[in-house]
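Take a look at the letters that make up each chain.
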Amino acid sequence: FTAPLAELGDALQLEEQQQDLCGLVAQDPKYKELVHLIIVRYDFLFDRVETYADGFQDFVKIYNENQSLQDPSVTFADAELDHFRDALGKYKQQMEDIKEMGRSKDIGFFRLDCKRMQETLLPSPQRCHALLADYIPKLAMQKQAALSAEVTAHNESLSQYPSNVDEYVEFNVNLAKIDAELPGLEKRYVEVQEMVDIISQYGIRVENETRKAFSDLAAAKSQLNVQVTNGKERAESDASHFSRALESDIPELNTRVKEQQTRLENPDFANKDKMSGEARQEVLTVLNEIESDVKKSADDAARFNRYQDVLKVEPTPFEEVDVLKADFQGLAKLWRGIDSWEEKSQMWNATPFGTVEVEEITKEVMQFNKTAVQSQKAMPDNDVPKEWGGDVAQFKNTLPVVVALRNKALKPRHWEQITAMIGRELDLEDENFTLGELLGMKVDQHMEEIQEISGKATAEVALEEMLAKVDNTWQDLELIINPYKDNKDVFIVGSVEDITVALEDSLVTISTIAGSRFVGPIRDEVEKWQKELMLFQETLDEWLNVQRNWMYLESIFGAGDIKKQLPTESAKFMEIDGQWRTIMRETQSYPVAKVACTKPGRLDIFKAA
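Residues numbered from 1 in each chain as written. Predicted model: local features only at pLDDT ≥ 70, side-chain atom pairs only at ≥ 80, totals over all residues. Heavy atoms only, no water.

A.B. asks: Would you mind showing me how to read the overall build of the protein chain here?
C.D. replies: Assigned secondary structure in the protein chain consists of 22 helices and 4 strands. At 57 Å, the protein chain has a C-alpha radius of gyration far larger than the 25 Å of a compact globule built from 609 residues. Taken over 609 residues, the protein chain has a buried fraction of 35%. In the protein chain, the proportion of contacts linking residues at least 24 apart, taken out of those at least 6 apart, comes to 75%. Accessible surface computed for the protein chain: about 37,100 Å², of which carbon and sulfur atoms make up 51%. Within the protein chain, the 110 negative side-chain charges are centred at a point lying 1 Å from the centre of the 71 positive side-chain charges. (Helix = DSSP H or I, 4+ residues; strand = E, 2+ residues; numbered from the N terminus. Rg over C-alpha atoms; globule rule 2.2 N^0.38 Å. Buried < 20%, exposed > 50% of the residue type's maximum accessible area, 1.4 Å probe, protein only. Contact = heavy atoms within 4.5 Å. Areas by Shrake-Rupley, 256 points an atom, 1.4 Å probe, with all protein chains shown as cover. Lys, Arg positive; Asp, Glu negative; His and termini not counted. Charge placed at Lys NZ, Arg CZ, Asp CG, Glu CD.)

Listed below in structure tokens is the structure:
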């Protein structure tokens, strides 16, 4: 290869020699081995690059998960404190992992640029960490403020020790309530302190005022524990002192109860002359005055028993107070019932008879009657409930008569009987005719007779309605008329199933009406219906019998040779055939069943056929 080019020949020869040289190199085993090693190395390094790149998928997953955190108050609404610790630790670790990624990575002769990936990923955990760092102190302050308000209020309520029985009992009730709440307050306090620890552990910055608030809560909580302990000890030591103070109040209550019981023995409460007008209002005024005193005595008794329970002493039964309450309630219910009765009864008596709401009045009268009866049993020596009970009973006993007279089934014949009985004609539609006017006529003396007439009228109307139903059934019920074979002018009766069912039902109904003891006013009409339905039934049976025979003979005498062989019989059939065809054409033009089957003379025609 060191020979001069001139010695190698012309250019073509030189090119051929160069090609031979490349071929020789390409075919060289060492060259081939070197190329193979380079390719293998490249493949190996590319695999390492891909493996390293796959590691970024975990960061992509973290990034997507972090995007879901937008409002910590929603995401961590019911979170435990450990959840906050876990979340802060997670975001802190993510930031460290991303920073350790570095800005570049050398893999063999490849250098990977990680700067953009790092700049994209790092703000994600930083944002989440910042959201929690802002939210946790605010949440801690909310819990601190609520707890601090309760603890402060409890401290204030326990700071003033009682000086009398009322204050002592109230203090002990409040002390027991606060003592029962202490475990819950302690739990909430520990929660706030743990949140303070989280703030400190993760270096979350807070204002000095916030730190002071947490410190003040700790002091207030410690003070409350001391006050509860001291309050229990002092309450136990002062129980006997306040028990003696309560014992001095009970005799004074008993004295007041006796005085009030004496006032309830006022003779006016048993004087029936006081039941009307201004005299009744005077009695009610006295009762109202006594009521406030009775209520105070009952309240004091209940209060003293409550105090005794707190002081852990034997409760006083206060039986006199119970008797006082029962006696007062009986008198108050009686006289207030009388007052309400007078107002209601005056209104009812002034009501036009035609607009009286009997059901509503009956309900209220029954309640008044119940009160009157109870008062008579509770106060057997008092004439007032007896007098009032008589008035209520008279009004109550009149109401059935009112119901009877309001019966819409009453007809002129019934009113004639009622008028003859009471000796006066009643115009119930007159707006000036009131319930009070009716009661003044002493109609309750004829209550049984009027109720009997009214009941009879109701029964008679029921029968009339049953009869009207039968009549309505047959108004439009028609026979089914069909053409006979292909003849347009010849007809026969079709199915009578509906007619038969209606006939059987009507016969049963008419028989029921006829058997009633209230059939009198419509007896003639019922007997007429009985006769017509029996005629209907007999006529229909004969009609169908004639139709069967006619259909049989029509096919026989329709042939000409039969007419010649049986001229007499044929002539007789032709006569009947004419009658049949006339009846059927008439029925086809007006097929109302009742008219067709009760027409005079039709049954005789069918029987003679």
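A.B. asks: Could you clarify how one ought to interpret the layout of surface pockets in this entry?
C.D. replies: Which parts of space are left empty comes out when a probe the size of a water molecule is rolled across the atoms. Its volume calculated, the largest pocket comes out at about 340 Å³. Considering the residues around the largest pocket, the lining is formed by 16 residues, among which F353, G354, R406, L428 and E429 are closest to the centre. Across the lining of the largest pocket, the residue classes break down as 7 nonpolar, 3 polar and 6 charged. Of the voids in this model, the second largest pocket is the one considered here, and its volume is about 300 Å³. Lining the second largest pocket are 13 residues, with N172, A235, E236, V310 and K312 sitting closest to its centre. Contributing elements (two or more residues each) for the lining of the second largest pocket: α8 (165-201), α9 (208-264) and α10 (277-311). Looking at the lining of the second largest pocket element by element, the count peaks at 6 residues for α8. In the lining of the second largest pocket, the residues fall into 8 nonpolar, 1 polar and 4 charged. (1 Å grid on protein atoms, 1.4 Å probe; cavity = no way out; pocket = protein on both sides within 12 Å on 5 of 7 lines; lining within 4 Å. Points joined across faces, edges and corners; volume = space filled by probe spheres on them. Nonpolar A, V, L, I, M, F, W, Y, C, P; charged D, E, K, R; others polar.)

A.B. asks: Sorry if this is basic, but what is going on with empty space enclosed by the protein here?
C.D. replies: Evaluation of the coordinates by the stated rule reveals 1 cavity of 30 Å³ or more. Roughly 40 Å³ of volume is contained in the largest cavity. In terms of lining residues, the largest cavity is bounded by V546, I576, Q579, W580, I583, I605, F606 and A609. The set of elements that each furnish at least two residues to the lining of the largest cavity consists of α20 (567-589) and α22 (602-608). Considering each element in turn, the lining of the largest cavity owes the most residues, 4 residues, to α20. Grouping the amino acids of the lining of the largest cavity by side-chain chemistry returns 7 nonpolar, 1 polar and no charged.

A.B. asks: Explanation requested: the nonpolar core in the structure shown.
C.D. replies: Most often, soluble globular proteins have nonpolar side chains that are buried together. Within the largest apolar cluster, 67 residues are counted, with the highest numbers of intra-cluster contacts made by W335, W388, F395, L405, L435 and L438. Excluding its chain neighbours within four sequence positions, the residues that come into contact with L435 are W348, N349, T351, F353, V356, I361, F395 and V402. (Core = buried A, V, L, I, M, F, W, Y, C linked by side-chain atoms within 4.5 Å.)

A.B. asks: Mind showing me how you'd approach a nonpolar patch on the surface here?
C.D. replies: Together, L21, L24, V25, Y31, V35 and I39 make up a nonpolar patch on the protein surface, roughly 520 Å² of accessible area in all. Going through the elements one at a time, α1 (11-26) and α2 (29-54) are the ones with two or more residues in the nonpolar patch. Tracing the sequence through the fold places I39 in helix α2. (Patch = residues over 30% accessible without salt bridge, like charges linked within 9 Å, V, L, I, M, F, W, Y side chains within 5 Å. Salt bridge = Lys/Arg side-chain N within 4 Å of Asp/Glu carboxyl O.)

A.B. asks: Could you clarify how one ought to interpret the pairing of strand β4 (residues 487-493) in this entry?
C.D. replies: The side chains of a regular strand alternate, residue by residue, between the two faces of the sheet. Sheet analysis places strand β3 (residues 481-484) next to β4, joined by 4 bridges and oriented antiparallel. Counted as the bridge partner of Y484 is N487 from β4. (Pairing = 2+ DSSP bridges.)

A.B. asks: Please explain the pattern of salt bridges as it appears in this structure.
C.D. replies: For side chains of opposite charge, pairing can occur when their charged atoms come near one another. Applying the stated rule across the entire model yields 26 salt bridges. Between K138 and D134 there is a salt bridge; the shortest N-O distance is 3.2 Å. Of the two residues, K138 and D134 are both situated in helix α7 (residues 123-159); the distance of 4 residues between them amounts to about one turn of the helix. As a salt-bridge pair, K599 and E586 come within 2.4 Å of each other at their nearest N and O atoms. Note that K599 is positioned in the loop between α21 (593-597) and α22 and E586 in helix α20, a separation of 13 residues in sequence. Classification of K599 by relative accessible area gives partly exposed; the value is 36%. Look at E586 and you get partly exposed, because its relative accessible area is 34%.

A.B. asks: What exactly am I supposed to notice about helix α11 (residues 319-349) here?
C.D. replies: With 31 residues, α11 should reach 45 Å at 1.5 Å per residue; the first-to-last C-alpha distance of 44 Å fits that figure. For α11, the full list of buried residues reads V321, L324, F328, L331, A332, L334, W335, G337, I338, W341, S345 and W348. (Expected span 1.5 Å × (residues − 1).)

A.B. asks: What am I meant to see in unusual backbone geometry here?
C.D. replies: Excluding glycine, residues mostly carry a negative phi; peptide bonds, for their part, are mostly trans. In this structure, F318 takes a positive phi of about 55° despite not being glycine. With respect to the secondary-structure elements, F318 resides in the loop between α10 and α11. Taking the relative accessible area as the measure of exposure, F318 reaches 3% and is therefore buried. Positive phi, normally seen in glycine, also occurs at K485, with a value near 55°. Within the secondary structure layout, K485 lies in the loop between β3 and β4. Under the relative-accessibility criterion, K485 is labelled exposed at 56%.

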